[in-house]
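Summary of structural features
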Amino acid sequence: DSGSVGYKPTTKLSYKTGNYKVTAPRGLNVRSGPSTDYPVLDLSQLSASARAQGGYKAGVVFTALEVVNSTTSAWAKTPSGWVCLELNGSKYVTEV
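What this report covers is the structure whose coordinates are included nearby. (Residues numbered from 1 in each chain as written. Predicted model: local features only at pLDDT ≥ 70, side-chain atom pairs only at ≥ 80, totals over all residues. Heavy atoms only, no water.)

1. Overview of the sheet that holds strand β3 (residues 66–69)
If you trace the four strands from one edge of the open sheet to the other, you get β3-β4-β5-β6, paired in antiparallel fashion. The open sheet has two free edges, formed respectively by β3 and β6 (90–91), since each of these has just one partner strand. In terms of strand pairing, strand β4 (residues 73–77) meets strand β5 (residues 82–87) through five bridges, oriented antiparallel. Note on β5: the bridge partner recorded for Lys77 is Trp82. (Pairing = 2+ DSSP bridges. Helix = DSSP H or I, 4+ residues; strand = E, 2+ residues; numbered from the N terminus.)

Spelled out as structure tokens, the structure:
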């Protein structure tokens, strides 16, 4: 045994509904459900507002209508679909 133990969070993340600003440099994928197991939606499948902004790019503000928190990820349902707020310690948004 090497004696090293990986970090494993034990409490759920605590994101809530409201407005968030995308901080991920490459923007966010919009998915049909709240996990990476769901397919990524095409720009043409997003809301008119999201299409007009070119998707969920860095700097875009969106509304989280529903949030699903776990110990390793947080997902928000938006008018276009689901986006990841945080995954395995990497944060992709800030609350505004």
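2. Overview of the nonpolar core
Core analysis: the largest hydrophobic core is formed by 19 residues, its most contacted members being Tyr15, Leu28, Tyr56, Phe62 and Leu85. Those elements that place two or more of their residues in this core are β1 (18–22), β2 (61–64), β4 and β5. Residues within four places of Tyr56 in sequence aside, it is in contact with Val22, Gly27, Leu28, Val30, Leu46, Ala50, Phe62, Thr78, Pro79, Ser80 and Val83. (Core = buried A, V, L, I, M, F, W, Y, C linked by side-chain atoms within 4.5 Å. Buried < 20%, exposed > 50% of the residue type's maximum accessible area, 1.4 Å probe, protein only. Contact = heavy atoms within 4.5 Å.)

3. Some points on the pattern of salt bridges
All chains considered together, the criterion is met by one salt bridge. Linking Glu95 and Lys16 is a salt bridge whose minimum nitrogen-to-oxygen distance equals 3.2 Å. Linking Glu95 in strand β7 (residues 93–95) with Lys16 in the segment before β1, this pair joins segments that are 79 residues apart in sequence. (Salt bridge = Lys/Arg side-chain N within 4 Å of Asp/Glu carboxyl O.)

4. A short note on the pairing of β1
Moving residue by residue along a regular strand, the side chains alternate between the two faces of the sheet. Inspection of the sheet shows β1 paired to β2 by four bridges, in the antiparallel sense. Across the sheet, Lys21 pairs through a bridge with Val61, a residue of β2. By the bridge criterion, three bridges tie β1 to β7 in an arrangement that is antiparallel. Note that in β7 the partner of Tyr20 across the bridge is Glu95.

5. Topic: the sheet that holds β1
In any sheet, the strands associate via hydrogen bonds between backbone groups, in a parallel or an antiparallel arrangement. With antiparallel pairing, three strands are arranged side by side in an open sheet as β2-β1-β7. Bordering the open sheet on either side are β2 and β7, each of which pairs with just one other strand. The mean inter-strand angle of the sheet, taken between neighbouring strand axes irrespective of direction, is 40 degrees. (Axes fitted to C-alpha atoms, helices over the stretch in contact; angles between N-to-C directions.)

6. Side note on the packing of aromatic side chains
Applying the stated rule across the entire model yields three aromatic pairs. Following the ring pairs from residue to residue traces out a cluster consisting of Tyr15, Tyr20, Tyr56 and Phe62. (Phe/Tyr/Trp six-rings, centres within 6.5 Å; stacked < 30°, edge-to-face > 60°.)

7. Quick look at the environment of Lys57
Checked against the element boundaries, Lys57 lands in the loop between α1 (48–52) and β2. Assessed through its relative accessible area of 46%, Lys57 is described here as partly exposed. For the pair Lys57 and Asp42, spaced 15 residues apart in the sequence, the C-alpha separation amounts to 14 Å.

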